[in-house]
Amino acid sequence: MNMNKKIRFNTFMIFLLLVSLFLPAQEFLEMPKPTHTVKGVPTSTLELVKEIDLDPDKELFFAFPWDIKVNKTGWLYVYDAKLIRMFIFDDKYRYVGQFLDKGEGPGEVNSSFALSVGYHPAADGNIYVTDSILDRFLRFSPTGKFLDGKRMNRRTHIIPSFPPVSDKRGFIYAYSLNNGIVDMLDSEMNCVHTFLDLKLNEKWVHDCK
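Residues numbered from 1 in each chain as written. Predicted model: local features only at pLDDT ≥ 70, side-chain atom pairs only at ≥ 80, totals over all residues. Heavy atoms only, no water.

(A) Main features of a nonpolar patch on the surface. On the surface, Phe64, Trp66 and Leu115 cluster together into a nonpolar patch covering about 270 Å² of accessible area. Structurally, tryptophan 66 is set in strand β1 (residues 65–70). Note on tryptophan 66: relative accessible area 39%, which makes it partly exposed. (Patch = residues over 30% accessible without salt bridge, like charges linked within 9 Å, V, L, I, M, F, W, Y side chains within 5 Å. Areas by Shrake-Rupley, 256 points an atom, 1.4 Å probe, with all protein chains shown as cover. Salt bridge = Lys/Arg side-chain N within 4 Å of Asp/Glu carboxyl O. Helix = DSSP H or I, 4+ residues; strand = E, 2+ residues; numbered from the N terminus. Buried < 20%, exposed > 50% of the residue type's maximum accessible area, 1.4 Å probe, protein only.)

(B) Local environment of unusual backbone geometry. With phi around 55°, isoleucine 84 is a residue other than glycine that occupies positive phi space. Using a relative accessible area of 3% as the deciding quantity, one classes isoleucine 84 as buried. Phi is positive for aspartate 135, close to 60°, though the residue is something other than glycine.

(C) Structural context of the sheet that holds strand β14 (residues 191–195). Ordered in space as β11-β12-β13-β14, the four strands form an open sheet in which the pairing is antiparallel. What marks the edges here is a single partner per strand, and that holds for β11 (165–166) and β14. Examined bridge by bridge, β11 and strand β12 (residues 172–175) share two bridges and lie antiparallel to one another. Bridging from a neighbouring strand, valine 165 pairs with tyrosine 173 of β12. (Pairing = 2+ DSSP bridges.)

(D) Geometry of the packing of aromatic side chains. In total, this model carries six aromatic pairs according to the counting rule given. Ring centres 4.8 Å apart and planes at 40° place the aromatic pair phenylalanine 99 and phenylalanine 140 in the tilted group. Taken together, the positions of phenylalanine 99 in strand β4 (residues 95–99) and phenylalanine 140 in strand β9 (residues 136–140) put the pair 41 residues apart, joining distant regions of the chain. Here phenylalanine 99 matches phenylalanine 140 in class, with each residue buried. Centroid distance tyrosine 173 to phenylalanine 195: 6.4 Å. Interplanar angle 40°. Geometry classified as tilted. Taken as a pair, tyrosine 173 in strand β12 and phenylalanine 195 in strand β14 lie far apart in primary sequence, 22 residues in all. The class for phenylalanine 195 is partly exposed, based on a relative accessible area of 32%. Linked through ring pairs, Phe99, Phe140 and Phe146 together constitute an aromatic cluster. Cation over ring: lysine 69 sits above tyrosine 119, and NZ or CZ is 4.7 Å from the ring centre. (Phe/Tyr/Trp six-rings, centres within 6.5 Å; stacked < 30°, edge-to-face > 60°. Lys NZ or Arg CZ within 6 Å of the ring centre and 35° of its normal.)

(E) Looking closely at the sheet that holds strand β2 (residues 76–80). Here we have four strands laid out as an open sheet, ordered β1-β2-β3-β4, and antiparallel in their pairing. Single-partner strands in this sheet number two, and they are β1 and β4. Strand after strand, the sheet turns through a mean of 20° between neighbouring axes, direction not considered. Sheet topology note: the β2/strand β3 (residues 85–89) ladder contains five bridges and is antiparallel. Within β3, the position partnered with valine 78 by the bridge is phenylalanine 87. (Axes fitted to C-alpha atoms, helices over the stretch in contact; angles between N-to-C directions.)

(F) The arrangement of the pattern of salt bridges in detail. Applying the stated criterion across every chain yields a total of five salt bridges. A salt bridge links aspartate 67 to lysine 69, with the nearest nitrogen and oxygen atoms 3.9 Å apart. Since its relative accessible area comes to 28%, aspartate 67 is described here as partly exposed. The partly exposed category is assigned to lysine 69, whose relative accessible area is 21%. Where arginine 139 meets aspartate 148, a salt bridge forms, and the shortest distance between an N and an O atom there is 2.6 Å.

(G) The nonpolar core, seen in detail. If you look at the biggest cluster of nonpolar residues, it comprises 15 residues, and the most contacted ones within it are Tyr79, Phe99 and Val129. Looking at this core, the elements with two or more residues in it are β2, β3, β7 (117–121), β8 (127–131) and β9. Setting aside its immediate chain neighbours within four residues, valine 129 contacts Val109, Val117, Gly118, Tyr119, Arg136, Phe137, Leu138 and Phe140. In this structure, Phe137, Phe162, Ala174 and Met189 belong to the second largest nonpolar core, which totals nine residues. (Core = buried A, V, L, I, M, F, W, Y, C linked by side-chain atoms within 4.5 Å. Contact = heavy atoms within 4.5 Å.)

And the structure:
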């Protein structure tokens, strides 16, 4: 190592040391106690019911858990926006597996932005994922197996993405593929009805004088 490189290396190490001394450290805080109450208003404290083991499996770790949702059977789906992975836990909080990958192939999402992926555990048990970057609508089984998907073919890509919505009959509602605003899709992701007209997005509503 020549003198210039040695000086730069030593300067860098001193910088790291100073940063570590002045940055605040992380710490866990105890549950705060209320200082005021209102007569007639019930109060309660949070109670730990279950927790996910920090190291249940050598393949499991979180980098940036962004969102968590639960299906009708109590399974948890946690999306990590940095790893671009969906982690699955059963109703006992036990690790089941993970799915999603970054890319442009089947079952993959091109997420360079945390809000570009939306997802929803639907009433039929499947997981529906939208990708606003690739403009795609994907379907996975409850255990994360890729089933199928469609392009949304929107005129403009919208960021953030949207979580698809389902009703108790099993229909899925998503941005329209048919020059409308919202499509109602059946269990096979076929459009059965389109709501509103795309041209309505280009009109303004004015108050009548």
